[in-house]
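Here's the letter readout for the chains.
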Amino acid sequence: MDFTELAIALLLILFLLLGSGVWVALSLVGVAIVGIAFFTGRPIGASMYSTLWTSSTSWTLTALPLFIWMGEILYRTRLSESLFRGLSPWLSWLPGRLMHTNVIGCTLFAAVSGSSAATLTTVGKMSMPELSKRGYSDFMSVGTLAGASTLGLMIPPSLTMIVYGVITNQSIPKLFIAGILPGLILAALFMGYVMAWGVLKKPNIVKEPAMTMRHRLYESRLLIPVALLILTVIGSMYSGLATATEAAALGVVGALVLAAIQRSLTFSSLVESLMGAAKTSCMIALILAGASFLTLAMGFTGLPRGLAEWVGTLHLSPFMLLLALMFVYIVLGCFLDGISAVVLTMAVVTPMLNEAGIDLLWFGIFVLVMVEMAQITPPVGFNLFVMKGLTNHSLGFIAKAAAPMFLIMALMALLLIAFPGLATFLPGYMNEATM
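Residues numbered from 1 in each chain as written. Predicted model: local features only at pLDDT ≥ 70, side-chain atom pairs only at ≥ 80, totals over all residues. Heavy atoms only, no water.

### So, the overall build of the chain
In terms of regular secondary structure, the chain is built from 23 helices and zero strands. Structurally, the chain occupies a C-alpha span of about 75 × 45 × 45 Å along its principal axes. Counting contacts in the chain only where the partners sit at least 6 residues apart, residues at least 24 apart contribute 80% of the total. By element, 70% of the accessible surface of the chain is carried by carbon and sulfur atoms, the whole surface being about 19,000 Å². The average position of the 20 basic charges and that of the 16 acidic charges among the side chains of the chain differ by 16 Å. (Helix = DSSP H or I, 4+ residues; strand = E, 2+ residues; numbered from the N terminus. Contact = heavy atoms within 4.5 Å. Areas by Shrake-Rupley, 256 points an atom, 1.4 Å probe, with all protein chains shown as cover. Lys, Arg positive; Asp, Glu negative; His and termini not counted. Charge placed at Lys NZ, Arg CZ, Asp CG, Glu CD.)

### A look at the side chain of Thr-40
For Thr-40, the position within the fold is in the loop between helix 2 (24-39) and helix 3 (44-56). For Thr-40, a relative accessible area of 17% corresponds to the buried category. Separated by 2.7 Å, the side chain of Thr-40 and the backbone oxygen of Ile-36 make a polar contact. Polar contacts involving the side chain of Thr-40 include one to the main-chain amide nitrogen of Arg-42, which spans 3.4 Å. Thr-40 has contacts with Gly-35, Phe-300 and Thr-301, leaving out every residue within four places of it along the chain. (Buried < 20%, exposed > 50% of the residue type's maximum accessible area, 1.4 Å probe, protein only. Polar contact = N/O pair within 3.5 Å; in protein donor to acceptor, adjacent residues only side chain to side chain.)

### Details of unusual backbone geometry
With a phi close to 45°, Arg-97 is a non-glycine residue in the positive phi region. Within the secondary structure layout, Arg-97 lies in the loop between helix 5 (79-91) and helix 6 (100-110). Its relative accessible area of 23% is what places Arg-97 among the partly exposed residues. You will see that Asn-169, though not glycine, has its phi angle at about 60°, which is positive. Residue position: Asn-169 is located in the loop between helix 10 (159-168) and helix 11 (172-178). For Asn-169, a relative accessible area of 69% puts it in the exposed group.

### Structural notes on helix 19 (residues 338-356)
Most pronounced at Met-346, the bend in helix 19 amounts to some 55°. Within helix 19, 15 of the 19 residues are buried, leaving the element largely enclosed by the surrounding structure. Once helix 19 finishes, Gly-357 follows within two positions and takes phi at roughly 75°, a positive value. (Bend = angle between axes of the 7 residues up to and from the residue.)

### Some words on the layout of surface pockets
When its volume is computed, the second largest pocket comes out at roughly 360 Å³. Contributing to the lining of the second largest pocket are 17 residues, with Pro-225, Val-257, Leu-258, Ile-261 and Gln-262 lying nearest its centre. Of all the secondary structure elements, the ones that give two or more residues to the lining of the second largest pocket are helix 5, helix 14 (224-238) and helix 15 (244-261). At six residues, the largest contribution of residues to the lining of the second largest pocket is made by helix 15. Partitioning the lining of the second largest pocket into residue classes produces nine nonpolar, four polar and four charged. (1 Å grid on protein atoms, 1.4 Å probe; cavity = no way out; pocket = protein on both sides within 12 Å on 5 of 7 lines; lining within 4 Å. Points joined across faces, edges and corners; volume = space filled by probe spheres on them. Nonpolar A, V, L, I, M, F, W, Y, C, P; charged D, E, K, R; others polar.)

### Here we look at helix 21 (residues 382-390)
By the burial criterion, the buried members of helix 21 are Asn-383, Leu-384, Val-386 and Met-387. All buried residues of helix 21 project into a common sector of 165° when viewed along the axis, lining one side. For helix 21, the elements touching its buried residues are helix 7 (116-133), helix 8 (138-148), helix 20 (360-375) and helix 22 (395-418). (Arc of directions from axis to C-beta.)

### Regarding empty space enclosed by the protein
This structure, assessed with the given rule, holds two cavities of 30 Å³ or more. Estimated volume of the largest cavity: approximately 50 Å³. Ile-73, Arg-76, Thr-77, Ala-259, Ser-264, Leu-265, Ser-269, Leu-270 and Ser-273 together form the lining of the largest cavity. The element contributing the most residues to the lining of the largest cavity is helix 16 (residues 267-301), with three residues. Its residues assigned to classes, the lining of the largest cavity comprises four nonpolar, four polar and one charged.

### What to know about the nonpolar core
Membership of the largest hydrophobic core comes to 138 residues, with the highest contact counts inside it found for Phe-67, Leu-74, Phe-190, Trp-362, Phe-363, Phe-366 and Val-369. With 13 residues, helix 22 is the largest single contributor of residues to this core. The contact partners of Val-369, leaving out residues within four places of it in the chain, are Met-154, Met-409, Met-412, Ala-413 and Leu-416. (Core = buried A, V, L, I, M, F, W, Y, C linked by side-chain atoms within 4.5 Å.)

Listed below in structure tokens is the structure:
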């Protein structure tokens, strides 16, 4: 059987398992077992237990449950309410006015939570009622929230970055720092969209009462806790004082202190945050273990190397290869969540990237944009379902409202291709600063 037939056979088996409702992790393990059993002479049992154990005991992965727990704690605080009150006095003069609180609020919360769903739920519960009360468009409110909340995947700490770093053996702190500038540029593009809406549509919305500079500064005190938490987590890694795991531990301590100060830390909320973090961590760890076993199985079959050689015979330029991969990830995003799409493809994609001379650190940021797009892509865009749970709107309405944000993310992907320094500049300076 040649590589094309092997790839088609394994893809059919994977889609059969996924379509049957089998968990993603178990589907990956199933495909790996079939690949080893029928296309190699390797022992299945020994390969499976050694790979599953090794992938589950990686020290790098310890940052994952800690960052998840930090987000779970903050989700149960009054941080979102403080963000709205602290931001709104400074945004009323911009075209689009308080609609910008969706984008900036998601950007700030993304910097202390690695989950787009947590970002969407927390900021959405805060901003949706306030914006609706002031006469802002539901279409814009829903669309900007669905799109901007995906910044939780790009702006560190990011759970998907940790997963990508483990799979590709890239530095987690470098990936975190690499995501800062593209994340801020993407947030600026979202704000540009809101300003264009404010200028062109001239919406009839309630004007905010005039505030003195002293009153604005007083309200801004509410932003101090989140600013300190961001500086603690990101600053400790950028300065070289802490690894990703140590920064995550600092973030958990900071989140606990913030929750205690706000008196939102009760025994029941603490238990709920621990259980939520444990469930999410176990789900991601199981997917990673299945992906590691599948990567090993694919290596035994020689499929990644064969496909990389085949792509090499097409003589695609790096730009054309990236456009092709962009299309593949957009299609996958219609059917799989972001983490599953990353772990499913990297075993095959990595050899292609190495052959084309594409930096894996840069590609990590590029693929994160693809994952962000997948979050708002029907029919299984996760953020669409979360938004539906927050509002009474249909999935069709939410997907239509998020469509401009999808196009902005596609523009961001093209900007990354045209200007790769957007992702590699800060990590390069970080190397000099921490040597």
